[in-house]
Amino acid sequence: MWKKIFGKSENANEENSASLFEQVNKDCLPRHIAIIMDGNGRWATGKGMMRSVGHTAGVKALKRTLKAAIALNLEAMTVYAFSTENWKRPAAEVEFLMKLFSEYLEKEIAEMDSDNVRIKFIGRVDELSPGLKKQIADAEQRTANNTGVKFTVGVNYGGQDEMVRAVQSLAQDVKNGSLEPENIDSKLLESRLDTKELPPVDLVIRTSGDMRLSNFLIWQTAYAEFWFTDTNWPDFDKEKLAEALLDYSQRDRRFGGLNTKK
Ligand code: IPE
Ligand code: IPE
Ligand code: MG
C-alpha cells in the first residue's frame, strides 16, 4: 500500500533520508482536499502568547501548505478561514482576522499568480468590508485564467447558508416559471452552490484534535474521507500533508458498492 502512494526510491540511503513528502506518488492523489485550519488559538495560548499570534502563524502554515499543493500539482484545495459562526468571537479578534486576510492577499497574490494558482472565495463575501471585497474581486480576476491548483478560501462561509442560498436561487426560477420543481435534481442543486466549478471533496483534513465539520462543505463532503490530527494548524506542514495522503491512499472508498481493493 505504501508503494501505491509513495513511489519506490532508487537507492536504500535515499529511502531512509527522504521525507514522506518527497516520496508521495503524484499519480494517486485526491482530486480535492478540504482543510479545516483549526487550533491557532490553542497553539498560541499554549505558548503563553495572544491568540492573534496563532492566527499570524496560521497564515504561514497556509502558505507552506499551498506551496506543497502546488508541488504536488493538486487539482483543488479548499480551506476554511472564517465561518458564518465566527462572528460570535470578540470584535477585536474578528477585526484582527479580517486585517490578516487583507494583508495575506496583498502580500501573496503576485506569487500565487506566478505559481499559476486560481484563487476563489466562497461564502457571503458580500457582507465583508468594501476594501476586502475589492481585494477579493481583484485577486479572483487576476488569477481567473490560471490553470494550476484551484485554491478556494471560505470566508464568512457556512455550509447551511450556502445550501439556503442555492435553494433560494432554485425557488426564484420556479417562481418566474423557468423551472419545474420535479426537474430539481442533485446536479442542478450542485450547480447553484458556491463550489459549482469544483469536484466533490475527496479528503477532509482537520487539525487540532476536534472531530467535526463545523458547517464546512456539508454537501460536498457527502462521500469524503476524513483525516484528523492533534497537530495545531500553525505546526502543519508538507510532512503532515504527506501523512494524510498516505492514510487516504489506504482507504477503501466503496461509495455504497462493494470492496474496490483486493
Ligand atoms: C482556527 O483557529 C482559525 C479560525 C477559526 C479563524 P481557532 O481560532 O479556532 O483556534 P482554536 O480552535 O481556538 O484553538
Ligand atoms: C472552524 O473552526 C472554522 C474555521 C477553521 C475557520 P472553529 O474553531 O470556528 O470551530 P468550532 O467552533 O470549534 O466548531
Ligand atoms: Mg477553533
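Nothing here was measured: the structure is a model prediction, and the numbers come from that model.

Right, let's get into the site of ligand 2. Around ligand 2, the structure places Ile36, Met37, Asp38, Tyr80, Ala81, Phe82, Asn86, Arg89, Arg206, Arg212 and Ser214. In this structure, an oxygen atom belonging to ligand 2 sits 3.2 Å away from a side-chain N or O atom of Arg89. With respect to ligand 2, the side chain of Ser214 contributes an N or O atom lying 2.6 Å from an oxygen atom. In isolation ligand 2 exposes 390 Å². Once the protein is present, 78% of that is buried. Considering each element in turn, the shell around ligand 2 owes the most residues, 3 residues, to strand 2 (residues 76–83). Across the shell around ligand 2, the residue classes tally to 5 nonpolar, 2 polar and 4 charged.

Near ligand 1, the surroundings consist of 13 residues, among which Asp38, Gly41, Arg42, Arg51 and Arg89 are the closest. In this structure, an oxygen atom belonging to ligand 1 sits 2.7 Å away from a main-chain N or O atom of Arg42. Protein contact buries 87% of the 370 Å² of open area that ligand 1 shows by itself. Only helix 3 (40–45), helix 4 (51–72) and helix 5 (91–114) provide two or more residues apiece to the shell around ligand 1. Looking at the shell around ligand 1 element by element, the count peaks at 3 residues for helix 3. Residues that form the shell around ligand 1 fall into these classes: 3 nonpolar, 5 polar and 5 charged.

Parameters and conventions
Residues numbered from 1 in each chain as written. Chains lettered and ligands numbered in written order. Predicted model: local features only at pLDDT ≥ 70, side-chain atom pairs only at ≥ 80, totals over all residues. Heavy atoms only, no water. Near = heavy atom within 4 Å. Polar contact = N/O pair within 3.5 Å; in protein donor to acceptor, adjacent residues only side chain to side chain. Areas by Shrake-Rupley, 256 points an atom, 1.4 Å probe, with all protein chains shown as cover. Helix = DSSP H or I, 4+ residues; strand = E, 2+ residues; numbered from the N terminus. Nonpolar A, V, L, I, M, F, W, Y, C, P; charged D, E, K, R; others polar.

Honestly, that's just the spatial picture; any functional story needs more than this.
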